[in-house]
Number of protein chains: 2
Amino acid sequence: VDIAFTARLDADERSAWLRALKAACPGHRWIDMGDGEGPPVKANAEVAVVANPAPGALAGLTGLRLVQSLWAGVERLVADSTLPPEVPLARMVDPSMNDAMAETALWAVLSLHRSYFDYAQQQREGVWRQLPQRRAATVRVLVLGFGAMGRAVSVRLAALGYRVTAWRREGSAHAAGVDVISGQPALHAALPKAEILINLLPVTPQTRGVLSRELFTCLPRGAGVVNLGRGAHLVEADLLAALADGHVGRAVLDVFAEEPLPADHPFWRHPRVTVLPHVAALTDLDTAASVVADNLRRLALGEPLRHLVKRARGY
Amino acid sequence: VDIAFTARLDADERSAWLRALKAACPGHRWIDMGDGEGPPVKANAEVAVVANPAPGALAGLTGLRLVQSLWAGVERLVADSTLPPEVPLARMVDPSMNDAMAETALWAVLSLHRSYFDYAQQQREGVWRQLPQRRAATVRVLVLGFGAMGRAVSVRLAALGYRVTAWRREGSAHAAGVDVISGQPALHAALPKAEILINLLPVTPQTRGVLSRELFTCLPRGAGVVNLGRGAHLVEADLLAALADGHVGRAVLDVFAEEPLPADHPFWRHPRVTVLPHVAALTDLDTAASVVADNLRRLALGEPLRHLVKRARGY
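About the thresholds
- Residues numbered from 1 in each chain as written.
- Chains lettered and ligands numbered in written order.
- Predicted model: local features only at pLDDT ≥ 70, side-chain atom pairs only at ≥ 80, totals over all residues.
- Heavy atoms only, no water.
- Pairing = 2+ DSSP bridges.
- Helix = DSSP H or I, 4+ residues; strand = E, 2+ residues; numbered from the N terminus.
- Contact = heavy atoms within 4.5 Å.
- Axes fitted to C-alpha atoms, helices over the stretch in contact; angles between N-to-C directions.
- Buried area = accessible area lost by both parts, 1.4 Å probe.
- Salt bridge = Lys/Arg side-chain N within 4 Å of Asp/Glu carboxyl O.
- Polar contact = N/O pair within 3.5 Å; in protein donor to acceptor, adjacent residues only side chain to side chain.
- Nonpolar A, V, L, I, M, F, W, Y, C, P; charged D, E, K, R; others polar.
- Core = buried A, V, L, I, M, F, W, Y, C linked by side-chain atoms within 4.5 Å.
- Buried < 20%, exposed > 50% of the residue type's maximum accessible area, 1.4 Å probe, protein only.
- Phe/Tyr/Trp six-rings, centres within 6.5 Å; stacked < 30°, edge-to-face > 60°.
- Lys NZ or Arg CZ within 6 Å of the ring centre and 35° of its normal.
- Least-squares fit on C-alpha atoms with pLDDT ≥ 70 in both.
- Parallel < 35°, antiparallel > 145°, perpendicular 65-115°, else oblique.
- Left-handed = near helix turned anticlockwise from the far one by under 90°.

J.: Explain the sheet that holds strand E7 (residues 89–90) of chain B to me, please; I cannot follow it from the model alone.
T.: Sheets are built from strands that pair by backbone hydrogen bonding, the pairs being arranged parallel or antiparallel. All names here are of chain B. The strand order across the open sheet built from five strands is E2-E1-E4-E6-E7, with neighbouring strands paired in parallel fashion. Bordering the open sheet on either side are strand E2 (29–32) and E7, each of which pairs with just one other strand. Taken strand by strand, helix H1 (residues 11–24) contacts strand E1 (2–7), E2 and strand E4 (47–51), and its axis lies near 150° from that of E1. On top of the sheet, helix H9 (residues 285–301) reaches E1, E4, strand E6 (66–69) and E7; it is set at about 165° to E6, its chief contact.

In structure tokens form, the structure reads like this:
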């Protein structure tokens, strides 16, 4: 089939993606629409494979039967009013990205629980001092979001012995060693016990700005906050205030309202903020391309497509 | 029974230990010999409970039936010629310490594999740059030592998907997902593939200085070296040379020839050395005291004592 490809990435990254996609999905005609920043390309294409395209970038395409995102987060695609609502939209759910996200979450929790950020600070100051060490079984971790990534993170933390609660908006779920809760009352009951909070929610109108002053003041004093979701989840000024008044002890941030994080942003030099350059789970081109290949095969055979977005829900 | 207690620790730590021991082992008479630095205390005591005592500190004791170490490493006790060879010597093997050690090893491996030390450096420099991300399944980790701690570390790393080889001096062993090897030829075959090397060997005449120039030059260029064993395992000047010539890319060190690490030691300020103040696995007083209580109970009932040291072997 004819597949339109657009990715808001630099040219090198875009060609690496296209190489991986062509290798995993042979026998198609690929229409390279570049970064999609110019006027919409007019073309007939059954499929659009896209990474975070500019709004309207797909407006010139006709005959679309599937829009496949290369990114897990699709909030911009959902908000693109030029995208025909009847065209199925699939997001990336890649097991190797779930593993990568779990690695980052484990590292952040271990670093907070075992004081490794503090020891790094001590090393810079030439200080040799042993800090109290608690057993993992006494450390309460709250994971917001229980999609593929929230689940992968929760299960691995529980396997290491942490007391893990995972919150989802609604519905129930089972995962080994994890206390899965849902609904606002359960969340409000869990926050005062959450010594480490990990955000892995999707961005929706309901979750935008969820990491706010209101939430931080519910946490126990000195809590660790780990944002692995999106910059839009976090009210950055509220976090700075909560760090200043001690409600939040330390933050690990992978995502920001503006990326790259502006050079003069106070997070860069804050002694209790760890800045990661949006690397918690980089997409593995090869495994992601094989996820795309699977959906193309399903489309050709008329089988149910995987990881379809419910637009009303937003993810 | 009468129990002599000596620990080379400051007075506060010593009283915390004695409190925990008395709580876990009621009904005994405890003879507090302080830090054991003065002339040997003359006393009759069936048991000595000790933490790293000065050589000869137990020379005044008569009637000894057990020396129980509160530390896992007993190389100084083994070398103490005043200790009667017929008195059983038990070392500390505490499951909660194995967990703590595994946490530190996981944190070190995740930090090396996922470039978190590099990202910390980038943050200090205000640099936003994504570095290549590999899957855990492609990262080869070699664990030296397969006692209780080496096993705990290896199994948890394997569960996260790392390619783990564990080396022990002799004999075979099975552990899920871990390639357990033994003997010098197997070690020499494994070193050139070891991208991350973790030392968890006991200190013996054979292992002293094992982390040397000779070993570092066998590693692949840029390897990570993690010393969680003892300072005596590492030839510090050789590590500095291997860091300088690039054979070792980064080192995480928890133990040192002299502790606290002297203020003018080059490790403190080396950009590719992480200094931890001997905190990889702090003893949990309560669980350690219950390990002591178990051996006291066994001694009273004539049951086999646990975790006895083979002095000829050295651990």
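Read on for the rest.
J.: Can you help me understand the interface of chain B and chain A in this one?
T.: How big an interface is tends to be stated in terms of the accessible area lost upon association of its parts. Each partner contributes residues to the interface: chain B has 47 residues there, and chain A has 47 residues. For the pairing of chain B and chain A, the buried interface totals around 3,900 Å² over both sides, and the portion due to carbon and sulfur atoms is 60%. Looking at the side of chain B facing chain A, the largest losses of area belong to Gln123, Trp128 and Trp268 of chain B, adding up to 21% of the total buried there. Counting the contacts that link chain B with chain A gives two salt bridges. As a salt-bridge pair, glutamate 103 of chain A and arginine 114 of chain B come within 2.9 Å of each other at their nearest N and O atoms. At the surface where chain B touches chain A, the tally comes to 27 residue pairs in polar contact (both at pLDDT 80 or more). Elements represented by at least two residues in the side of chain B that touches chain A include exactly helix H3 (95–113), helix H4 (116–125) and strand E14 (273–275) of chain B. Within the side of chain B that touches chain A, the residues separate by chemical class into 24 nonpolar, 13 polar and 10 charged.

J.: Just to check I follow, could you spell out the nonpolar core for this structure?
T.: One broad trend across soluble globular proteins is that nonpolar side chains are buried collectively. Grouped together as the largest cluster of nonpolar side chains are 133 residues, with contacts concentrated most on Leu157, Tyr162 and Ile198 of chain A together with Leu157, Tyr162 and Ile198 of chain B. Among residues more than four places away in sequence, those in contact with tyrosine 162 of chain A are Val109, Leu110, His113, Ala136, Val139, Val141 and Leu157 of chain A.

J.: Any chance you could explain the packing of aromatic side chains here in plain terms?
T.: To describe a pair of aromatic rings, you give the distance between the ring centres and the angle between the ring planes. Evaluation of the coordinates by the stated rule reveals 12 aromatic pairs over all chains. Ring geometry for tyrosine 116 of chain A and tyrosine 119 of chain A: centres 6.4 Å apart, planes at 50°, overall tilted. Taken together, the residues span about one helical turn, with tyrosine 116 of chain A and tyrosine 119 of chain A both in helix H4 (residues 116–125) at a distance of three residues. Judged by relative accessible area, which is 3%, tyrosine 116 of chain A ranks as buried. Given a relative accessible area of 3%, tyrosine 119 of chain A falls into the buried group. Members of the aromatic cluster, connected to one another through ring pairs, are Trp107 and Phe117 of chain A together with Tyr116 and Tyr119 of chain B. Looking at arginine 313 of chain A, its charged tip hangs above the ring of tyrosine 315 of chain A, at a distance of 4.0 Å from the centre.

J.: Which parts of the structure should I look at to understand the sheet that holds strand E11 (residues 196–199) of chain B?
T.: All names here are of chain B. With respect to topology, seven strands assemble into an open sheet ordered E10-E9-E8-E11-E12-E13-E14, the strand pairing being parallel. Two strands in the sheet have a free side with no partner beyond their single neighbour: strand E10 (178–182) and E14. Each strand of the sheet is rotated relative to its neighbour by a mean of 15°, with strand direction disregarded. Where strand E9 (residues 163–168) lies against E10, five bridges are found, and the strand directions are parallel. Note that in E10 the partner of tryptophan 167 across the bridge is isoleucine 181. In this fold helix H5 (residues 148–159) packs onto strand E8 (140–144), E9, E10 and E11, with an angle of close to 170° to the strand it touches most, E8.

J.: Please explain the pattern of salt bridges as it appears in this structure.
T.: Applying the stated criterion across every chain, the model contains 24 salt bridges over all chains. Measuring nitrogen to oxygen at the nearest pair gives 3.2 Å for the salt bridge that ties arginine 29 of chain B to aspartate 2 of chain B. Remark: aspartate 2 of chain B occurs in strand E1 and arginine 29 of chain B occurs in strand E2; sequence separation between them is 27 residues. The closest approach of N and O atoms between aspartate 294 of chain B and arginine 298 of chain B, which form a salt bridge, is 3.0 Å. One end of the pair, aspartate 294 of chain B, and the other, arginine 298 of chain B, are both in helix H9, four residues apart, so they sit about a helical turn from each other. Residue class for aspartate 294 of chain B comes out partly exposed when judged on its relative accessible area of 21%. Counted as one network, the salt bridges with shared partners bring together Asp294, Arg297, Arg298 and Glu303 of chain A.

J.: Is there a simple way to think about the pairing of E11 of chain B in this case?
T.: The side chains of a regular strand alternate between the sheet's two faces. Residue and element names in this part refer to chain B. Residues Ile196 and Ile198 point to one face of E11 and Leu197 and Asn199 to the other, with burial holding for every one of them. Bridge count for E11 against strand E12 (residues 223–227) is four bridges, and the pairing is parallel. For asparagine 199, the partnering residue across the bridge sits in E12 and is asparagine 227.

J.: Would you mind showing me how to read the relation of the copies chain B and chain A here?
T.: Once turned by 180° and shifted 0.0 Å along the axis, chain B lies on chain A with an RMSD of 0.0 Å. Both copies are brought into coincidence by an operation consistent with a two-fold rotation axis. When C-alpha distances to the rotation axis are compared across chain B, the minimum falls at tryptophan 107 of chain B, with a value of 2.8 Å. Of the interface residues in chain B, 100% have counterparts in chain A that sit at the interface too, so the contact is made through matching surfaces.

J.: Would you mind showing me how to read the pairing of strand E4 (residues 47–51) of chain A here?
T.: Residues and elements named next belong to chain A. The buried fraction of E4 is high, at five of five residues. Of the two faces of E4, the one carrying Val47, Val49 and Ala51 and the one carrying Ala48 and Val50 are both buried. Of the strand pairs in this sheet, strand E1 (residues 2–7) and E4 are connected by five bridges, and their pairing is parallel. Its bridge partner being in E4, alanine 4 is matched across the sheet by alanine 48. One ladder, built from four bridges, connects E4 with strand E6 (residues 66–69); its direction is parallel. Following the sheet pairing, valine 47 is matched in E6 by leucine 66.

J.: Help me understand the packing of helix H3 (residues 95–113) of chain A against H3 of chain B in this model?
T.: Axis angle and axis distance: for two packed helices, these are the angle between their axes and the distance between the axes, and together they describe the pair. Axis separation between H3 of chain A and H3 of chain B bottoms out at 9 Å; the angle between their running directions is 130°. Classed by the angle they form, the pair H3 of chain A and H3 of chain B counts as oblique. H3 of chain B is crossed by H3 of chain A, and the crossing has left-handed handedness. Residues Glu103, Leu106, Trp107, Leu110, Ser111 and His113 of chain A of H3 of chain A form the contact with H3 of chain B, whose participating residues are Glu103, Leu106, Trp107, Leu110, Ser111 and His113 of chain B. Residues of the contact of H3 of chain A with H3 of chain B, tallied by class, amount to six nonpolar, four polar and two charged.

Note that all results are geometric; they support no functional claim without further evidence.
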